[in-house]
Amino acid sequence: MPNSSSNPATFFKVAAVQMASGPNVEANLNEAHRLIAKAVEQGAQLVVLPEYFPIMGMNENDKVAVREQPGVGRIQQFLADTAREFGIWLVGGSIPLVANDPAKVRNSLLVFNAQGEQVARYDKIHLFNLDLGNEKYHEARTIEPGDQVVVVETPFGRIGLAICYDLRFPELFRAMKDVDLLVLPSAFTATTGKMHWEVLIRARAIESLAYVIASAQGGYHVNGRETHGHSMIVDPWGRVLDELPRGSGVVVADINPAYQASIRASLPALSHRTLICTCCDKPK
């Protein structure tokens, strides 16, 4: 393993928030605020909330009922105000925004800077579909997919945005090109998470030579659903820096850009790709 020692002045702290959200939006926002404050107390400058942090409804249509117009609404105001209050960059894991289909939502990740300004939006592209006997999910019934890969330039480097099921599609992350961090808010099921969550997160970190901040829903929910949890921060060598198996809380870790640069210099895999078109950087 490459030497991870470097000038401490290059470090900055990030946090992944883990929740077990319920159907009450206001209660979820209060819990998110408490956990963000806890992360900030530990020095976090970039905080990532989980997928569906403001609502895990009793049924799939509950999120449609609380969807917001872009730039307007209680949930978006909470994110802007909280980022400004703590002077942090805040990733609103995902919130329901209006879709072209009035019966559906966009499952949208919003990024706010330390001044409380929204600087990026990513709409979840890959929609989860699972049928395992009594456990069934079909996100396409209530969610309209996005179609844009999004990378945002920040003081912490280039951050690639993805949500939950996107984790299974490495071509999405390759399309981001060179990113320094990946954020992955999720609500992985307990069933799939046991075998797939950690190995996929570590794989995405290793193949992108990037840090991954994976914030998750984790525990039993009022609607009867069980989510896997195990929010974690993983370094570019695939090492888990911090992890929370279950329940509400935060995981915090140092990001060391100099260490990342040393790995990329020692193992320049990103420059060794051959199955791409050199004129457009797309697969042949």
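If you're wondering where the values come from, they're calculated on a predicted model, not measured in any experiment.

Student: Would you mind showing me how to read the overall build of the chain here?
Tutor: Broken down by element type, the chain carries six helices and 18 strands. The C-alpha atoms of the chain give 18 Å as radius of gyration, which agrees with the globular expectation for 284 residues (19 Å, within 12%). Considering only C-alpha atoms, the chain reaches an extent of 50 × 45 × 35 Å along its principal axes. Of all intrachain contacts in the chain linking residues separated by at least 6 positions in sequence, the fraction that spans at least 24 positions is 66%.

Student: Teacher, can you tell me more about the confidence of the model for the chain here?
Tutor: Any residue range with low pLDDT should be treated as having predicted coordinates unsuitable for detailed reading. Overall, the predicted model of the chain reaches an average pLDDT of 92, with 93% of residues at or above 70. This model gives residues 1-9 a pLDDT under 50, and the stretch forms 14 contacts once residues within four places in sequence are excluded.

Student: Can you help me understand the environment of Ser21 in this one?
Tutor: With respect to the helices and strands, Ser21 occurs in the loop between strand S1 (12-18) and helix H1 (25-41). Judged by its relative accessible area of 1%, Ser21 is buried. Distance from Ser21 to Lys194, taken between C-alpha atoms, is 20 Å for residues 173 residues apart in sequence. Other than its neighbours up to four places away in sequence, Ser21 contacts Asn28, Tyr52, Phe53, Met56, Gln217 and His221. At 2.9 Å, the side chain of Ser21 and the backbone oxygen of Phe53 are in polar contact.

Student: For this particular structure, what's the right way to read the packing of H1 against helix H3 (residues 74-86)?
Tutor: Packed helix pairs are specified by the crossing angle of their axes together with the interaxial distance, meaning the distance between the axes. H3 packs onto H1 with a crossing angle of 20° between their chain directions and a minimal axis gap of 11 Å. On the basis of the axis angle, H1 is roughly parallel to H3. As H1 packs across H3, the resulting crossing turns out to be right-handed. Listed contacts from H3 to Val25, Glu26, Leu29, Ala32, His33, Ile36, Ala37 and Val40 of H1 are Arg74, Ile75, Phe78, Thr82, Glu85 and Phe86. Residue composition of the contact of H1 with H3, by class: nine nonpolar, two polar and three charged.

Student: Which parts of the structure should I look at to understand the packing of aromatic side chains?
Tutor: The relation between two aromatic rings is expressed through the spacing of the ring centres and the mutual angle of the planes. For the structure shown, the criterion picks out six aromatic pairs. Between Phe53 and Phe78, the ring centres sit 6.4 Å apart and the planes meet at 40°, which makes this aromatic pair tilted. Of this pair, Phe53 sits in the loop between strand S2 (44-48) and helix H2 (62-65) while Phe78 sits in helix H3; the two residues are 25 residues apart in sequence, bridging distant segments of the chain. Assessed through its relative accessible area of 0%, Phe53 is described here as buried.

Student: In this structure, what is going on with the sheet that holds strand S15 (residues 240-244)? I would like to understand it.
Tutor: Two strands in a sheet stick together by hydrogen bonds in their backbones, pointing the same way (parallel) or opposite ways (antiparallel). Strands sit in the order S8-S9-S10-S11-S14-S15 across an open sheet of six strands; the sheet is mixed. Among the strands making up the open sheet, the edge pair consists of strand S8 (151-154) and S15. Direction aside, neighbouring strands of the sheet carry axes that sit 20° apart on average. Taken together, the four bridges between strand S14 (residues 231-234) and S15 define a ladder with antiparallel strand orientation. Paired with Ile233 across the strands is Asp242, a residue of S15. Its contacts with the sheet put helix H5 (residues 190-208) on strand S10 (181-183), strand S11 (211-214), S14 and S15, and the angle it makes with S14 is roughly 25°.

Student: Can you help me understand the pattern of salt bridges in this one?
Tutor: Any two side chains of opposite charge can pair, on the condition that their charged atoms come close. What the rule picks out here adds up to 16 salt bridges. For Glu51, the salt bridge is made with Lys124, and the minimal N-O distance between the two is 3.0 Å. Residue Glu51 is located in the loop between S2 and H2, and its partner Lys124 is located in the loop between strand S5 (118-123) and strand S6 (129-132); the two are separated by 73 residues in the primary sequence. Accessibility classification places Glu51 together with Lys124 in one group, the buried group. Its salt-bridge partner being Asp235, residue Arg239 comes within 3.0 Å of it at the nearest N-O pair. Take Arg239: its relative accessible area is 30%, and that puts it in the partly exposed class. Residue classification places Asp235 among the buried positions, given a relative accessible area of 0%. Counted as one network, the salt bridges with shared partners bring together Arg106, Arg121, Asp123 and Glu144.

About the criteria used
- Residues numbered from 1 in each chain as written.
- Predicted model: local features only at pLDDT ≥ 70, side-chain atom pairs only at ≥ 80, totals over all residues.
- Heavy atoms only, no water.
- Helix = DSSP H or I, 4+ residues; strand = E, 2+ residues; numbered from the N terminus.
- Rg over C-alpha atoms; globule rule 2.2 N^0.38 Å.
- Contact = heavy atoms within 4.5 Å.
- pLDDT = per-residue confidence, 0-100.
- Buried < 20%, exposed > 50% of the residue type's maximum accessible area, 1.4 Å probe, protein only.
- Polar contact = N/O pair within 3.5 Å; in protein donor to acceptor, adjacent residues only side chain to side chain.
- Axes fitted to C-alpha atoms, helices over the stretch in contact; angles between N-to-C directions.
- Parallel < 35°, antiparallel > 145°, perpendicular 65-115°, else oblique.
- Left-handed = near helix turned anticlockwise from the far one by under 90°.
- Nonpolar A, V, L, I, M, F, W, Y, C, P; charged D, E, K, R; others polar.
- Phe/Tyr/Trp six-rings, centres within 6.5 Å; stacked < 30°, edge-to-face > 60°.
- Pairing = 2+ DSSP bridges.
- Salt bridge = Lys/Arg side-chain N within 4 Å of Asp/Glu carboxyl O.

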